[in-house]
Amino acid sequence: MAIIINLDRILEERDMKSNELAEMVGITTANLSILKTGKAKAVRFSTLEAICQALDCQPGDILEYLPD
Amino acid sequence: MKNDSIKILKGLLYVSLALSLFTALVSLGFAITYGFFNTYDLNTDIELLFPITSNTTAVVQFLYSMLLYLGISLIVWLLLKIVASFQNNKFFTKYQIAGFNLLGKLIIWLSIIDSFGSFFMRIIFRSRLELKLEISTFWLFIAIGAFFIVLSKIFEKAYQLKNDSDLTI
């Protein structure tokens, strides 16, 4: 997959658990899991904004492009 | 679709299913009666595709009629299953896509089989060659079958869109 989600790494750096992030962002843990595992087809700007706000990071820290 | 309208539709389909199964059963009964009990009567008023002129014509016609009604029962039963799957607002599932596709194909095949069956039975039993090019029930059923196939394609597209929507976080 070309787009890699680095949420796990950032969560570990921030010493935060998935359910805490899900609660802060306002999405279900199931949806967060879909995002983390790279199964998501799209991410809303509002979700991305909330995640960046909760983790105090930039979108580029979460999303990474890797050529195939 | 509201659950009430689904219930009404299901009720109507149950009645249709019961009627078509009953007709198939009656046809089978007549076929057995004519086939095994030699009750052929020249004064009979029963006429299906052609007048009953012997026990063989009667048995063949009633068996043919039974098979057609069994096919219709299968179609109604399948439609019933699809309508039932709409309950609890479950739309655009793989089951519905496959169901609509199968339903359309069954309707088209049954119409073609019926058309050919009647054509050949007319040749055999009446020694008459008939070709109908009018807008008949045959084309109507072909159109209905094609409609269900198109509906299945639409549901397939909607299923993909729904999946994409569900996977948008």
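Focus on the overall build of chain A
Next, step 1: Tallying secondary structure elements over chain A gives 5 helices and 2 strands in all.
Next, step 2: Start at the N end of chain A and walk to the C end: the helices and strands fall as β-α-α-α-α-α-β.
Next, step 3: For chain A, the C-alpha radius of gyration of 11 Å lies close to 11 Å, the compact-globule estimate for 68 residues.
Next, step 4: Burial status across chain A gives 32% buried among its 68 residues.
Next, step 5: Relative to all contacts within chain A whose residues are 6 or more apart in sequence, the contacts with residues 24 or more apart total 65%.
Next, step 6: With an accessible surface of roughly 4,600 Å², chain A has 50% of that area assigned to carbon and sulfur atoms.

Some points on the packing of aromatic side chains
Residues and elements named next belong to chain B.
Next, step 1: Applying the stated criterion to the full structure yields 13 aromatic pairs over all chains.
Next, step 2: Relative to Phe148, the ring of Phe100 has its centre 5.8 Å away and its plane inclined at 15 degrees; by these criteria the two rings are stacked. Here Phe100 is found in helix α3 (residues 94–126), whereas its partner Phe148 is found in helix α4 (residues 137–166), with 48 residues between them in sequence.
Next, step 3: According to the relative accessible area criterion, Phe100 is buried, its value standing at 5%.
Next, step 4: Take Phe148: its relative accessible area is 13%, and that puts it in the buried class.

Notes on unusual backbone geometry
All names here are of chain A.
Next, step 1: Phi is positive for Asp15, which is not a glycine, with a value near 55 degrees.
Next, step 2: The residue Asp15 is located in the loop between α1 (7–14) and α2 (18–25) in this model.
Next, step 3: You can call Asp15 exposed: its relative accessible area is 70%.

Quick word on the interface of chain A and chain B
Next, step 1: With 11 residues of chain A in contact, the opposing surface of chain B contributes 4 residues.
Next, step 2: Buried area between chain A and chain B, summed over both chains or domains, comes out near 710 Å², and the portion from carbon and sulfur atoms is 63%.
Next, step 3: Remark: the boundary between chain A and chain B carries 1 salt bridge.
Next, step 4: Here chain A and chain B share 4 residue pairs in polar contact (both at pLDDT 80 or more) between them.
Next, step 5: It is helix α3 (residues 29–36) of chain A that contributes the most residues to the side of chain A that touches chain B, 3 residues altogether.
Next, step 6: In terms of residue class, the side of chain A that touches chain B is made up of 6 nonpolar, 2 polar and 3 charged.

Quick look at the domain arrangement of chain B
All names here are of chain B.
Next, step 1: Here chain B is partitioned into domain 1 (1–81) and domain 2 (91–169).
Next, step 2: The interface is formed by 17 residues belonging to domain 1 together with 17 residues belonging to domain 2.
Next, step 3: Of the roughly 1,500 Å² buried at the junction of domain 1 and domain 2 (both faces included), carbon and sulfur atoms supply 82%.
Next, step 4: Connecting domain 1 to domain 2 are 0 salt bridges.
Next, step 5: For the pair domain 1 and domain 2, the interface holds 2 residue pairs in polar contact (both at pLDDT 80 or more).
Next, step 6: Across the side of domain 1 that touches domain 2, the residue classes tally to 12 nonpolar, 3 polar and 2 charged.

Concerning the pattern of salt bridges
Residues and elements named next belong to chain A.
Next, step 1: This model, assessed by the stated rule, comprises 5 salt bridges over all chains.
Next, step 2: In this structure, Asp8 and Lys36 form a salt bridge, with 3.4 Å as the shortest nitrogen-oxygen distance. Note that Asp8 is positioned in helix α1 and Lys36 in helix α3, a separation of 28 residues in sequence.
Next, step 3: The exposure class assigned to Asp8 is partly exposed, which follows from its relative accessible area of 46%.
Next, step 4: By relative accessible area, which is 23% here, Lys36 ends up partly exposed.

Comments concerning α2(A)
Residues and elements named next belong to chain A.
Next, step 1: Listing the buried residues of α2 in full gives Leu21, Ala22 and Val25. Mapping the buried residues of α2 onto a view down its axis gives an arc of 100 degrees, with all of them on the same face. Among the exposed residues of α2, those pointing more than 90 degrees away from its buried face are Glu23 and Met24.
Next, step 2: Against the buried residues of α2 lie α1, α3 and α4 (45–55).
Next, step 3: One or two steps after α2, the chain reaches Gly26, where phi turns positive at roughly 90 degrees.

The rules behind each value
Residues numbered from 1 in each chain as written. Chains lettered and ligands numbered in written order. Predicted model: local features only at pLDDT ≥ 70, side-chain atom pairs only at ≥ 80, totals over all residues. Heavy atoms only, no water. Helix = DSSP H or I, 4+ residues; strand = E, 2+ residues; numbered from the N terminus. Rg over C-alpha atoms; globule rule 2.2 N^0.38 Å. Buried < 20%, exposed > 50% of the residue type's maximum accessible area, 1.4 Å probe, protein only. Contact = heavy atoms within 4.5 Å. Areas by Shrake-Rupley, 256 points an atom, 1.4 Å probe, with all protein chains shown as cover. Phe/Tyr/Trp six-rings, centres within 6.5 Å; stacked < 30°, edge-to-face > 60°. Buried area = accessible area lost by both parts, 1.4 Å probe. Salt bridge = Lys/Arg side-chain N within 4 Å of Asp/Glu carboxyl O. Polar contact = N/O pair within 3.5 Å; in protein donor to acceptor, adjacent residues only side chain to side chain. Nonpolar A, V, L, I, M, F, W, Y, C, P; charged D, E, K, R; others polar. Domains from an automatic or database assignment. Arc of directions from axis to C-beta.

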